[in-house]
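Architecture and fold: a report
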Amino acid sequence: MNLRKLIAASLLVVVAISVMSAHAKEGKLPIQFINRVRVEYDDNINQTDKDAKSSFKIIEEPEISANLNFEQTFLSLRYRPALVWWEKRDSSDDKTDIHHDVDAIFNHRFTPRLTLSIQDTFRYAERPELIEDGTVLREKDTFKYNSLNGTLSVLVRPDLRMDLGGRWIILRYDEDDVAKQSDYDQYVGGLSVRHQIVQNSALSADFRYEDTKYKDADSRDSKSTFLGLGLEQIFSPNLLGSLRAGWQHKDYDKSFQSKEDAPYGEASLTFVPSPATRISAGASYAMTETDVYPYTGQNRASVFASFAYDITARIAWYLSGSYGHGDYDGQDLPDDATVGDLPVKQQQQLIDQGAKTTDTLTKEYADSVKDGKEKIGMVSSRLTYKLNRNNWLEAGWQYTNVDSDMRENYERNRVHLGWKISL
């Protein structure tokens, strides 16, 4: 798709949204239409350390959502496609990408004490960003992701609630080489008990079990068990906090290190000093999965902070930042791991040194693999101006820095100007 077609499509979407919104309001349908258009400058479109290429791009994001409320049931649906046109790209790449986001929520109250909640999240991305939401790392290849989450809540007493939940996550990449290493299914089940101790304090106990199965690279399979406690505290009408901490046990199906134990935890604070100012901050630590093949996991610590300030009734400023540090253990390699032709060379060297058994060779090879670290920092800022009830203009900047032993390092700046219309 060329630039003229993209501009025409954007204008058509805005007109269509306006017409559909007018009909929706006349018929009192619970439908909302939003359209976002922005022009962005990206100084490192391939996310590389050397020979970084820059490009302007135009991003068109229409969004339609519907919320249906019944006596005992609530249903919410949201669909947001995104069409991206790049001014410059490698000659072998198409100049346009299209992404799809679909979210669905279903809540049903059987009785005043028994409630069922089901949420589904679907993502399809062409040439996606390496870093998603500041924490999730992806291969730079087209992928499909779906997360189906269900929770059955029982109000045992007015101050005591039990949540029984399950989750099924699917990740599929298009390229065969990437898919063989990274496609997985994850099955999660858990039980949480929350007790309102006093008016401003709540204590919870959590149990969760995760089973991660890779479609082809089954040597990366693992099972994890989590046991923890949580505390929610309202310190004042302007200050809220939460803390969760516990212990995680992880079993590797086919790893040189068969099991691992480690603490996990997360904490957050939200401070609202005035109606115009909102501040949030938090930190977390846990053993998590990784997209870096052939490692089976990483120990990851992260911190984040955000600041929002309404300068005037029409002008608002947002600032956020995050930093993540991941540690990779060479012992977490699966027992059939290969990195290029290193195993062959390494085994030959060990044979020359007198090693005789395969077990000895593979163990020595695992010991020879170096541990790795990965540090990721992100800062973003956005300024919005409200033209009227339905229209906003915005300007934004985002900076990303990746310093890794596991993948290519890079720095990236993106600056954009945009227009949002809500009908």
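For the structure, see preceding data.
The sections below set out a description of the structure shown in this document. Since this is a predicted model, take the numbers as computed values, not measurements.

What follows is about the packing of aromatic side chains. Summed over all chains, the structure comprises 7 aromatic pairs. Both rings, one in Tyr 41 and one in Phe 56, keep their centres 5.2 Å apart while their planes meet at 55°; by these two values the pair is tilted. Of this pair, Tyr 41 sits in strand S1 (residues 31–42) while Phe 56 sits in strand S2 (residues 55–69), and the two are 15 residues apart along the sequence. Sitting above the plane of the Phe 226 ring, Arg 208 keeps its charged end 3.8 Å from the centroid. Sitting above the plane of the Tyr 318 ring, Arg 382 keeps its charged end 4.4 Å from the centroid.

Turning to the side chain of Lys 250, a few remarks are in order. On the secondary structure map, Lys 250 appears in strand S13 (residues 239–252). Dropping the residues within four chain positions of it, Lys 250 is found in contact with Ser 222, Lys 223, Ser 224, Ser 258, Lys 259, Glu 260, Met 287, Thr 288, Thr 296 and Gly 297.

Further remarks concern the nonpolar core. In this structure, Ala 125, Phe 143, Tyr 145, Ile 169, Leu 171, Tyr 173, Val 178, Ala 179, Tyr 184, Tyr 214 and Ala 217 together form the largest nonpolar core, which totals 11 residues. A per-element tally of this core places strand S9 (residues 160–173) first, with 3 residues.

Further remarks concern the pattern of salt bridges. Two side chains with opposite charge may pair up if their charged atoms get near one another. Under the defined criterion, the tally for this structure stands at 25 salt bridges. Ionic pairing is found between Arg 38 and Glu 61, a salt bridge with its closest N-O pair at 3.5 Å. Taken together, the positions of Arg 38 in strand S1 and Glu 61 in strand S2 put the pair 23 residues apart, joining distant regions of the chain. Of the residues examined, Glu 61 reaches a relative accessible area of 11% and is grouped as buried. The salt bridge involving Asp 103 is made with Arg 123; its shortest N-O contact spans 3.3 Å.

Here the focus is the pairing of strand S8 (residues 143–157). Bridge analysis of strand S5 (residues 114–125) against S8 gives 12 bridges, and the strand direction is antiparallel. Directly across from Thr 115, in S8, lies its bridge partner Ser 153. Bridging between S8 and S9 involves 14 bridges; their strand directions are antiparallel. Considered in S9, the bridge of Leu 148 is made with Trp 168.

Glancing now at unusual backbone geometry. One non-glycine residue, Gln 47, adopts positive backbone phi at about 50°. Positionally, Gln 47 belongs in the loop between S1 and S2. Its relative accessible area of 5% is what places Gln 47 among the buried residues. Non-glycine residue Asp 51 carries a positive phi angle of around 55°. Its location among the elements puts Asp 51 in the loop between S1 and S2.

Rules and cut-offs
Residues numbered from 1 in each chain as written. Predicted model: local features only at pLDDT ≥ 70, side-chain atom pairs only at ≥ 80, totals over all residues. Heavy atoms only, no water. Phe/Tyr/Trp six-rings, centres within 6.5 Å; stacked < 30°, edge-to-face > 60°. Helix = DSSP H or I, 4+ residues; strand = E, 2+ residues; numbered from the N terminus. Lys NZ or Arg CZ within 6 Å of the ring centre and 35° of its normal. Contact = heavy atoms within 4.5 Å. Core = buried A, V, L, I, M, F, W, Y, C linked by side-chain atoms within 4.5 Å. Buried < 20%, exposed > 50% of the residue type's maximum accessible area, 1.4 Å probe, protein only. Salt bridge = Lys/Arg side-chain N within 4 Å of Asp/Glu carboxyl O. Pairing = 2+ DSSP bridges.

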